[in-house]
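# Summary of the model geometry
Take a look at the letters that make up each chain.
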Amino acid sequence: MVHFVIVGILVLVTAILTYVGLDMAGIARHMNPVSASAQSVSIDWLWNWEVITISFLFALIVVPMVYSLIVFRRKQGDNTDAEHVEGNTALEITWTVVPLFIVVIFAYMGAYSLGETLRVDPNATVIKVRAQQFSWTFEYPEYGIVSTELHLPIDQQVVLKMESTDVIHSFWVPEFRVKQDIVPGRVTEYRITPILEGNYKVRCSELCGTSHAYMEAGVIVTTEAEYNAWIAEQVAIAAASQTPEGQGQILTVKNGCAGCHSLDGSAMTGPTWLGLYGSDVELDNGSTVVADDAFIKQSILEPNATIVSGFPSPSVMPPYTFTDEEVANIIAYIKTLK
Ligand code: CUA
């Protein structure tokens, strides 16, 4: 009897120490990474109870085994047979019924947690997600904008409608806990309610090709005000990029034109673009020309054809290759700089 009492106490102590150790390692209640979604709360709650049960079962198996090995080991010179045990019906019923009971409880807890995770908010914002080898694209159909980063407002449910253009990918933000596969030919849904501001990352968690490991995108959770400001900014950019001058501006940004040509009249390596279009330009050969479409086009494609007075000859600008339409767009943008 005294053995049962000692083993019972040792089992309890070991179970508690195991749990505390796992908790300190960030495996039980306070998991790493942080919990950043409403859905993660019930998942972490369920996981915590599983770790408690695992700690107890670990102690229940290991402690009696190690105790028996030490206390009941054969004494030197003792060659007698061990006591013959025929079976124990009460014990067998106990170790069948108790685990069955625990498994049923966990089934209920799992169902509850799943229900919380899938809880539908009818007002959830819809965001379309496109996964492809090896990038993510996020479309906000309400506003007609597309982004390579997923911006989310805090404390509001969003429903991601996810599609793949090629193979199977999987949407996984560890801080949100929930993970969802994206299968070509169908739309899978993913509901999430961020509860913690911060910058996270979505990682593809389905091996999808050579650059699978690099298939990441930023997930930015902000206040609703900051989210709305971002939406407004993106809407403005999307609207501007539809016009010729908007397309032209994007081209000049991509090619780093403003590194040499100021937009505000200040002196840089090349002539400023402010008020350039239609102005009289003095050349280093003493003549004067009007900065019209033909002049600007030639200056972009053949920078050495003419040199503006006061700038180095030969020109330090490399010749650029653009289509006629691109040149026209850049000129349309320069026209706006008055
Ligand atoms: Cu996409 Cu892995």
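This text follows the structure it describes.
A brief report on the enclosed structure follows. As the structure is a prediction and not an experimental result, all values here were calculated from the model. (Residues numbered from 1 in each chain as written. Predicted model: local features only at pLDDT ≥ 70, side-chain atom pairs only at ≥ 80, totals over all residues. Heavy atoms only, no water.)

### A closer look at the pairing of strand 4 (residues 150–153)
Note on strand geometry: in a regular strand, side chains alternate between the two faces of the sheet. Convention followed: Note on classification: 1.4 Å probe, protein chains only; a residue is buried when its accessible area is under 20% of the maximum for its type, exposed when over 50%, partly exposed between these limits. Helix and strand definitions here come from DSSP, where helices need a minimum of 4 consecutive H or I residues and strands a minimum of 2 consecutive E residues; each element is numbered from the N-terminal end. Only when DSSP finds a minimum of two bridges between them are two strands counted as paired.
A two-sided burial pattern is seen for strand 4, the buried positions comprising Leu150 and Leu152 on one face and His151 and Pro153 on the other. Of the pairings in the sheet, the one linking strand 4 to strand 10 (residues 216–222) comprises four bridges and is parallel in character. Each residue of the ladder has a partner; that of Leu152, found in strand 10, is Val221.

### Here we look at a nonpolar patch on the surface
Threshold: Each patch is built from residues lacking any salt bridge and having more than 30% relative accessible area; the joining distance is 9 Å for like charges and 5 Å for nonpolar side chains (Val, Leu, Ile, Met, Phe, Trp, Tyr). Only the protein chains shown count as cover for residues, and the accessible areas themselves come from Shrake-Rupley with a 1.4 Å probe. By convention in these notes, a salt bridge is any Lys or Arg side-chain nitrogen within 4 Å of a carboxyl oxygen on Asp or Glu.
Side chains of Met1, Phe4, Val5, Ile9, Val13 and Leu17 sit close together on the surface and give an oily, nonpolar patch of about 700 Å² of accessible area. The residue Met1 is located in the segment before helix 1 (2–24) in this model. Judged by its relative accessible area of 75%, Met1 falls in the exposed class.

### Looking at the packing of helix 2 (residues 38–71) against helix 3 (residues 89–117)
Any two packed helices are characterised by how steeply their axes cross, that is the angle between the axes, and by the distance between the axes. As a reminder, the rule being used: All axes here are fitted lines through C-alpha atoms, helices being fitted over the stretch that makes contact, and every angle between N-to-C directions spans 0 to 180 degrees. Orientation categories follow fixed angle ranges, with anything under 35 degrees roughly parallel, anything over 145 roughly antiparallel, 65 to 115 roughly perpendicular, and all other angles oblique. By the definition used in this description, the sense in which the near helix is turned from the far one sets the handedness, with an anticlockwise turn below a right angle giving left-handed and a clockwise turn giving right-handed. Whether two residues touch is decided by their heavy atoms; if any such pair falls within 4.5 Å, the residues are in contact. In this classification, the charged set is Asp, Glu, Lys and Arg, the nonpolar set is Ala, Val, Leu, Ile, Met, Phe, Trp, Tyr, Cys and Pro, and all remaining amino acids, among them Gly, are polar.
At a minimum axis distance of 8 Å, the contact between helix 2 and helix 3 shows a crossing angle of 165 degrees. Taken together, the axes of helix 2 and helix 3 are roughly antiparallel relative to one another. The way helix 2 lies across helix 3 gives a crossing that is left-handed. Across from Gln39, Ser42, Ile43, Trp45, Leu46, Trp49, Glu50 and Thr53 in helix 2, the residues of helix 3 making contact are Ile102, Phe106, Met109, Gly110, Tyr112, Ser113, Glu116 and Thr117. Across the contact of helix 2 with helix 3, the residue classes break down as eight nonpolar, six polar and two charged.

### Comments concerning helix 4 (residues 224–240)
Formally: For a helix, the expected span equals 1.5 Å multiplied by the number of residues minus one. Starting at the helix axis, one direction is taken to each C-beta atom, and the arc is that of these directions.
Compared with the 24 Å implied by 1.5 Å per residue over 17 residues, the 24 Å span of helix 4 between its first and last C-alpha is a close match. The complete set of buried residues in helix 4 reads Tyr227, Trp230, Ile231 and Gln234. Buried residues of helix 4 fall within an arc of 100 degrees about the axis and therefore sit on the same side. Contacts from the buried residues of helix 4 go to strand 1 (125–132), strand 2 (135–140), strand 3 (145–147), strand 4 and strand 10.

### So, the environment of Asn48
Following the sequence through the fold, Asn48 ends up in helix 2. It is 9.5 Å that separates the C-alpha atoms of Asn48 and Tyr19, two residues lying 29 residues apart in sequence. When near neighbours in sequence (up to four residues on either side) are disregarded, Asn48 contacts Tyr19, Ala28 and Arg29.

### Brief notes about the packing of helix 6 (residues 293–301) against helix 7 (residues 324–336)
Orientation of helix 6 relative to helix 7, taken along the N-to-C sense of each, is 115 degrees, at an axis distance of 10 Å. In this structure, the crossing between helix 6 and helix 7 has a hand that is right-handed. Of the residues in helix 7, those in contact with Asp293, Ile296, Lys297, Ile300 and Leu301 of helix 6 are Asp324, Val327, Ile330, Ile331, Ile334 and Lys335. Split into classes, the residues belonging to the contact of helix 6 with helix 7 amount to seven nonpolar, no polar and four charged.

### Some thoughts on the pairing of strand 8 (residues 188–192)
Of all five residues that make up strand 8, four are buried, and the element is covered over most of its length. In this sheet, strand 8 lies alongside strand 5 (residues 158–164) in antiparallel orientation, the contact comprising five bridges. Its bridge partner being in strand 8, Val158 is matched across the sheet by Ile192.

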